[in-house]
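Summary of structural features
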Amino acid sequence: MTRPILIAPSILSADFARLGEEVRAIDVQGCDWVHVDVMDGHFVPNITMGPMVVAAIRPHTAKVLDVHLMIAPCDPYLEPFAKAGADIITVHAEAGPHLDRSLQRIRGLGKKAGASITPATPESAIEHVLERLDLVLVMTVNPGFGGQSFIPAMADKIRRVRDMIGDRPIHLEVDGGITVETAAIAAKAGADVLVAGSAVFRGKRVGDYGGNIADLRDSAAAARKL
Ligand code: DX5
Ligand code: ZN
């Protein structure tokens with residue numbers, strides 16, 4: 001099944017002092033989803049935002065709030081993020097011993113469930129939970145910070161996850177170091193959702209989020225046809 005390419009700007013690279021405005025800007029300028037990076041200073045070496053921030057931005061967009069939890073443990077926070085208005089909640093396979101349970105909880109809260117794997121984690125980590133997934137997130141950098149470079153070895157992993165997903169209705173999302181160039185690599189390998197922080201908010205077209213989003217989408221769509 002070929003899904004349309006979706007662009008999910010990460011608000012990690014937005015101006016936090018004007019977050020509502022920034023979310024409205026990417027919304028009206030053509031983003032598909034809004035990607036929210038939640039970091040705890042424990043699972044990853046950085047701290048960002050929690051459920052209160054998700055609740056605060058919720059009224060600013062009707063688009064999908066794609067919440068990426070880089071936190072451990074994650075289970076105690078699934079309900080707060082669901083109540084705050086997340087549409088998709090993604091947890092890390094490495095964040096705890098009971099990924100299957102976390103995914104069941106997310107769906108039990110009426111939300112779409114995602115599982116993410118960091119660069120060193122093999123795709124087999126999610127092989128036995130595919131039936132519980134709406135999304136697989138392949139990290140293409142080590143999570144923690146925006147502005148890092150795409151790890152080339154991840155192209156092969158994206159291909160393997162694509163094969164593993166087969167015909168199941170599961171999105172394959174990539175996150176980290178996505179630029180016009182790497183968007184093409186990821187899309188060609190089988191990704192259908194591209195997260196981009198720096199490339200949208202601090203991209204080549206300065207201040208033109210819509211132009212940056214369109215460039216990523218065009219590059220990915222063209223690469224698929226090659
Ligand atoms: C990294 C985050 C990413 C990050 C992407 O831990 O999960 O979403 O913000 O930022 P860029 O696109 O700048 O690599
Ligand atoms: Zn992310």
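Report follows, based on the coordinates. (Residues numbered from 1 in each chain as written. Chains lettered and ligands numbered in written order. Predicted model: local features only at pLDDT ≥ 70, side-chain atom pairs only at ≥ 80, totals over all residues. Heavy atoms only, no water.)

So, on to unusual backbone geometry. Cis peptide bonds are those with omega within 30 degrees of zero, and the linkage from alanine 72 to proline 73 qualifies with 0°. Its location among the elements puts proline 73 in the loop between β3 (64-70) and α3 (75-84). (Helix = DSSP H or I, 4+ residues; strand = E, 2+ residues; numbered from the N terminus.)

Bringing the packing of aromatic side chains into the picture now. For the coordinates displayed, the defined rule picks out 1 aromatic pair. Where phenylalanine 201 meets tyrosine 209, the ring centres are 4.9 Å apart and the plane angle is 65°; that geometry is what we call edge-to-face. Assessed through its relative accessible area of 8%, phenylalanine 201 is described here as buried. (Phe/Tyr/Trp six-rings, centres within 6.5 Å; stacked < 30°, edge-to-face > 60°. Buried < 20%, exposed > 50% of the residue type's maximum accessible area, 1.4 Å probe, protein only.)

Quick look at the coordination of the zinc ion (ligand 2) now. Taken together, His35 (NE2), Asp37 (OD), His68 (ND1) and Asp175 (OD) make up the full set of protein donors to the zinc ion (ligand 2), lying 2.0 to 2.2 Å away. Bound by 6 donor atoms, the zinc ion (ligand 2) shows angles of 62 to 163° at the metal and therefore irregular coordination geometry. In primary-sequence terms, the residues that donate to the zinc ion (ligand 2) follow H-x1-D-x30-H-x106-D. Of this pair, aspartate 37 sits in strand β2 (residues 33-39) while aspartate 175 is found in strand β7 (residues 171-175), placing the two residues 138 residues apart along the sequence. Looking at aspartate 37, the relative accessible area reads 4%, which means it is buried. (Donors = N, O, S within 2.8 Å, 3.2 Å for Na, K, Ca; no water. Tetrahedral: all angles 85-135°; square planar, octahedral: opposite > 155°, others 65-115°.)

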